[in-house]
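Examining the three-dimensional arrangement
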Amino acid sequence: MTTIQKKTDNPIAHLSAEDIEQLGRELDAIRADVIASRGADDAAYIRTLIKTQRSLELGSRIVLLASVFPPAWLVGTAGLSVAKILENMEIGHNVLHGQWDWMRDPKIHSTTWEWDMATPAKDWQHSHNELHHTYTNVLGKDNDLGYGIMRVDEGQPWHPMFLGQPLWNFINACFFEYGIAAYDLELGATIKKKKLKDPEFQRRLKGVLTKIRKQATKDYVVHPALSIPTGSFLPTLVANFTANIVRNLWSNSIIMCGHFPEGVETFEKRSIEGETRGEWYLRQMLGSANISGSKAMHIASGNLSHQIEHHLFPDLPSNRYAEVAPKVKALFDKYGLTYHAAPFPKQLYSAWHKVVRLSLPNGWLAETKVTNAPSQLVKLYKMTTGGPKVRRAIVAMDKRAAGERRAA
Amino acid sequence: MGTQTWPMTDTIARPTVPLGSRSPGSVRDRLARIAHAATTPLVPDDYLDLFNPLRRGAALRGRIVEVVPETRDAATLVIRPGADWAGHVPGQYVRVGIDVDGVRQWRAYSLTHGPRRDGHISITVKAVADGTVSPYLVHRTRPGTLVHLEQATGDFVLADDPGKLLFVTAGSGVTPVIGMLRNLFPSTDEGVLVPERSRDLDIVVLHVAPSEPDSIFRRDLQALDAAGAVRLVARYDDVHGVLDVADLASLVPDLAERTTYACGPGGLLDALEQHHDEAGLPLSTEQFRAAVVVAGEGGTVTFGRTGTVVEAGGSTPVLEAGEGAGVLMPSGCRMGVCYGCVVPLKEGAVRDLRSGDLTTAVPGETDPAGVLVQTCINAAAGPCTFDL
């Protein structure tokens, strides 16, 4: 995707500075309404959800004590997968955002909550709440764009190693909790800057490794060991491994749909200097995409199906996003902006399409048809094996050809 | 007759034992470790709470079993405390945490029964006109509601050999005293009993209330008076006028022989303290509402741990005020989104610069650890103290 500032067809060109400030005020009003009406019903929602999730997890793990029996394995693994998804997304992500801090319950608070995942809550809160939500979709600042392992913009020069990015993305998705842990540690950047011995990094690394050890011991040692009486050590281990993979794949998919589908805007670093509140709101609106679906989809996705509403109001209770969505959409319409919402398969396909498209040289995927496939493949081979000079030459050739076509 | 010890329940607290502090390597300890390893990052308690939140070893909680109206704006709540309730001495109070409109609030209430045979405890709440918690407790609480508790505490208790007593109670200040009196003189279907252990007591109760129907425990006090357990001197503001401490001597002729216990509003207690000081008489008091937070614009911001004090304006975020004074303040997005700047407010009020909403912390009412607030979007609204 091209950043909004480099687009020839700028989707916010029609908005004046005053328009944007007015938009900010209207969004503030929606936020104030929700805060004024927060109360016992909302508290009951999260408490019931936590009770249900813990009961489901407990029940599933008990069933898995006899996981050597296939029906028990299936039921237990399915239950545990759902329990882990709920714990991670609708509960964990939202509690850690401070959405429930208003209840003043020390057990359901962003400062005390720890979640069933490899990355410690504090580290995740830094990279997510502080960085991702402040610098949403700003190229070079929001590392959620590609997690540092993918090419996410046409402006980034293509290199043959990006051909592997669909595979890296899939592997990252399967083991997402470890990918996130490495990401929150800023492992890649630290290695590049050769700062591995830095005491601060070492301290955080120790914290992450401790968390991983405890998590792995729980799922791959303790619970399988508890199933030894029924001869279920290995089946339980496999069941827990599967449940973690399911949770990883699901959460990765939902998250990809949040900012990656085609049509979601990205922004230049310089463009956010001196950003006003209204402009921050606008960037959140254009940099996010929703998933349309049933109530079940909303809960299963941790209400990240309302990614737009979540990015506008990250600290409002997630159960209120659905209620707020029509008012937000009305503002999109009023200010002539596109509200990106589509069903899950469509959004996921779109996000993966982008991953594949950008794994290839600019324009390659769009140009390639059945008829010219052989020559396209030859071109790709040349660009992959030829080295930087060859690539530059081919790109320049394409530019000239495009220029001639336009002139014609 | 020698010293009399008033009946007390077992006050040995049974706290939860941390991992490894039992003989390490013991079977119990090993099992506890396995349980923790199986539930991490939660603790076994988080699952056990699904089944029995009142069990031994759990955080102290209670379940409201009965709500008994006393007057039109006061009610007694009978609570079944968790298994670790360590008992109480009559006159003590208990801090109760209750969720009102989704928010956890803490208030302190005197225990209005001596230790009961059924193990339940009771508090009597008077609904304050613009209160948050008391109207909820009196009018909207249902039996079955779970509340959070702390162990009983307070020094407003009788000495072992109390001698002649004067209780001065005003309004809801009667609650600790009724707890003491019910323990000394149990109430039965046949009326108030004066048991052997309480025969030698000489008690005068001077009870002040706005009017007779509004007097909580009026009937209990009258029954105690009728049984000769106490001498009741009732003063109603609408009949006798507001009580003047100077009249004490005429209302209670042998005042000089009595130890006074007083519980009521600050004004009455201050006047009594002055009077008894001058007369050289013994006085024990209990005051319910110590601090009232009055919100303003800006104020003195105190950082309790570093000792830094700084004056901040009403539109300066606490984060900037603290940083300007050299305090190491946690921060994140600096725009209210990420909750990376949250710090406990121990006392005082802050105002949300985006919405104007006030957050107040009153020691004794709000969480003793402080109310967590974001410093990047809140400014001082009067004097405030942070735990930083």
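Conventions we followed
Residues numbered from 1 in each chain as written. Chains lettered and ligands numbered in written order. Predicted model: local features only at pLDDT ≥ 70, side-chain atom pairs only at ≥ 80, totals over all residues. Helix = DSSP H or I, 4+ residues; strand = E, 2+ residues; numbered from the N terminus. Rg over C-alpha atoms; globule rule 2.2 N^0.38 Å. Buried ≥ 20, exposed ≤ 12 C-beta atoms within 10 Å, placed from the backbone. Contact = placed C-beta atoms within 7 Å. Pairing = 2+ DSSP bridges. Axes fitted to C-alpha atoms, helices over the stretch in contact; angles between N-to-C directions. Domains from an automatic or database assignment. Core = buried A, V, L, I, M, F, W, Y, C linked by C-beta atoms within 7 Å. Parallel < 35°, antiparallel > 145°, perpendicular 65-115°, else oblique. Left-handed = near helix turned anticlockwise from the far one by under 90°. Nonpolar A, V, L, I, M, F, W, Y, C, P; charged D, E, K, R; others polar. Arc of directions from axis to C-beta. pLDDT = per-residue confidence, 0-100.

Observations regarding the overall build of chain A
Within chain A one finds 17 helices and two strands. Compactness check: chain A gives a C-alpha radius of gyration of 23 Å against a globular reference of 22 Å for 408 residues, within 12% of the reference. Along the longest, intermediate and shortest principal axes, the C-alpha atoms of chain A span 75 × 55 × 45 Å. Relative to its 408 residues, chain A shows a buried fraction of 40%.

Describing the overall build of chain B
A tally of regular secondary structure across chain B gives nine helices and 19 strands. The C-alpha extent of chain B, read off along each of the three principal axes, is 70 × 60 × 40 Å. Expressed as a percentage of the 388 residues in chain B, the buried residues total 35%. Once local pairs closer than 6 in sequence are excluded, the contacts in chain B between residues at least 24 apart make up 67%.

Concerning the interface of chain A and chain B
Of the residues lining the interface, 34 residues belong to chain A; the matching set on chain B comes to 25 residues. The element that contributes the greatest number of residues to the side of chain A that touches chain B is helix 2 (residues 40-63) of chain A, accounting for seven residues.

Description of the sheet that holds strand 7 (residues 165-170) of chain B
Residues and elements named next belong to chain B. The sheet built from five strands is open, its strands ordered 11-10-7-12-13 with parallel pairing. The open sheet terminates on both sides in strands that have one partner only, identified here as strand 11 (231-236) and strand 13 (283-286). Averaged over neighbouring strand pairs, the angle between their axes works out to 15° when direction is ignored. One ladder, built from six bridges, connects strand 10 (residues 203-209) with strand 11; its direction is parallel. Directly across from Val208, in strand 11, lies its bridge partner Arg235. Of the strands in this sheet, strand 10 and strand 11 are in contact with helix 5 (residues 218-226), which crosses strand 11 at around 145°. Of the strands in this sheet, strand 7, strand 12 (259-263) and strand 13 touch helix 8 (residues 266-279), which is tilted by about 170° from strand 13.

Observations regarding the domain arrangement of chain A
In terms of domain boundaries, chain A breaks down into domain 1 (4-341) and domain 2 (368-407). The straight-line distance from the C-alpha centre of domain 1 of chain A to that of domain 2 of chain A is 38 Å.

Topic: the nonpolar core
Inside soluble globular proteins, nonpolar side chains tend to come together where they are buried. With 68 residues, the main nonpolar core has A:Cys257, A:Tyr281, A:Met285 and A:Leu312 as its most contacted residues. In terms of residue count, helix 3 (residues 70-96) of chain A provides more of this core than any other element does, 10 residues in total. Those residues in contact with A:Met285 that sit more than four places away from it in its chain are A:Ile308, A:Leu312, A:Phe332 and A:Leu337. Counting 53 residues, the second-largest nonpolar core is a separate cluster that includes B:Ile64, B:Ala75, B:Val94 and B:Phe156.

Remarks on the environment of B:Thr145
Mapping B:Thr145 onto the fold places it in the loop between helix 3 (134-140) and strand 6 (146-149). With 17 C-beta atoms packed within 10 Å, B:Thr145 lands in the partly exposed category.

Considering the environment of A:Gly76
All names here are of chain A. By the element assignment, Gly76 lies in helix 3. For Gly76, a count of 27 C-beta atoms within 10 Å gives the class buried. Along the chain, Gly76 and Glu57 lie 19 residues apart, while their C-alpha atoms are 8.9 Å from each other. Setting aside chain neighbours within four positions, we find Gly76 in contact with Ser60, Val63, Leu64, Ser67 and Ala239.

Quick word on the pairing of strand 4 (residues 103-110) of chain B
Residue and element names in this part refer to chain B. Across eight bridges, strand 3 (residues 93-100) lies against strand 4 in antiparallel orientation. Bridge pairing links Arg95 to Ala108 in strand 4. In this antiparallel pair of consecutive strands, strand 3 and strand 4, the connection spans two residues, and Asp101 shows a positive phi of 50°.

Here we look at the sheet that holds strand 6 of chain B
Paired through their backbone hydrogen bonds, the strands of a sheet run either parallel or antiparallel. Residue and element names in this part refer to chain B. An order of 4-3-6-1-2-5 is seen for the six strands of this open sheet, with the pairing classed as antiparallel. Every interior strand has two partners, whereas the edge strands, strand 4 and strand 5 (121-126), have only one. Averaged over all pairs of adjacent strands, the angle between their axes in this sheet comes to 40°, without regard to strand direction.

Looking at the packing of helix 8 (residues 199-226) of chain A against helix 1 (residues 27-39) of chain B
For the pair helix 8 of chain A and helix 1 of chain B, interaxial distance at closest approach is 8 Å and the crossing angle is 125°. The orientation of helix 8 of chain A with respect to helix 1 of chain B, classified from their angle, is oblique. The hand of the helix 8 of chain A/helix 1 of chain B crossing is left-handed. Contact residues: helix 8 of chain A offers A:Thr217, A:Lys218, A:Val222 and A:His223, while helix 1 of chain B offers B:Ile34, B:Ala37 and B:Ala38. Counted by class, the contact of helix 8 of chain A with helix 1 of chain B contains four nonpolar, two polar and one charged residues.

As for the domain arrangement of chain B
Residue and element names in this part refer to chain B. By domain assignment, chain B separates into domain 1 (61-149), domain 2 (165-286) and domain 3 (299-386). For domain 1 versus domain 2, the distance between C-alpha centres works out to 23 Å. Counting from both sides, the interface comprises 13 residues of domain 1 and, opposite them, 13 residues of domain 2. Every element with two or more residues in the side of domain 1 that touches domain 2 is listed here: strand 1 (61-71) and strand 5. Here the residues of the side of domain 1 that touches domain 2 sort into four nonpolar, seven polar and two charged.

Remarks on helix 5 (residues 165-174) of chain A
What helix 5 of chain A keeps buried is the set A:Gln165, A:Asn169 and A:Asn172. Taken end-on, helix 5 of chain A shows its buried residues confined to a sector of 65°, consistent with a single buried face.

Overview of helix 6 (residues 176-184) of chain A
Residues and elements named next belong to chain A. Most of helix 6 sits out of view: eight of its nine residues are buried. Along helix 6, the positions that sit buried rather than exposed are Phe176, Glu177, Gly179, Ile180, Ala181, Ala182, Tyr183 and Asp184. Buried positions along helix 6 lie against helix 4 (121-134), helix 5, helix 7 (187-192), helix 8 and helix 9 (233-259). Of the residues trailing helix 6, Glu186 is marked for its positive phi of about 55°.

As for the packing of helix 2 of chain A against helix 3 of chain A
Residue and element names in this part refer to chain A. Helix 3 packs onto helix 2 with a crossing angle of 150° between their chain directions and a minimal axis gap of 8 Å. Between helix 2 and helix 3, the angle falls in the class roughly antiparallel. In this structure, the crossing between helix 2 and helix 3 has a hand that is left-handed. Judged by residue contacts, Leu49, Ile50, Gln53, Leu56, Glu57, Gly59, Ser60, Arg61 and Val63 of helix 2 engage Ala72, Val75, Gly76, Gly79, Leu80, Val82, Ala83, Leu86, Glu87, Glu90 and Ile91 from helix 3. Looking at side-chain class alone, the contact of helix 2 with helix 3 contains 11 nonpolar, five polar and four charged residues.

Quick notes on unusual backbone geometry
For the bond running from B:Thr40 to B:Pro41, omega is 5°, close enough to zero to count as cis. Its location among the elements puts B:Pro41 in the loop between helix 1 and helix 2 (44-48). You will see that A:Lys194, though not glycine, has its phi angle at about 55°, which is positive. With respect to the helices and strands, the residue A:Lys194 is situated in the loop between helix 7 and helix 8. For A:Lys194, a count of 8 C-beta atoms within 10 Å gives the class exposed.

Digging into the confidence of the model for chain B
Residues and elements named next belong to chain B. Taken as a whole, chain B shows an average pLDDT of 86; of its residues, 93% reach a score of 70 or greater. This stretch, residues 1-17, has a pLDDT under 50; its non-local contacts, to residues over four places away or in other chains, come to 23 contacts. Scoring the predicted complex yields pTM 0.87 and, for the interface, ipTM 0.89.

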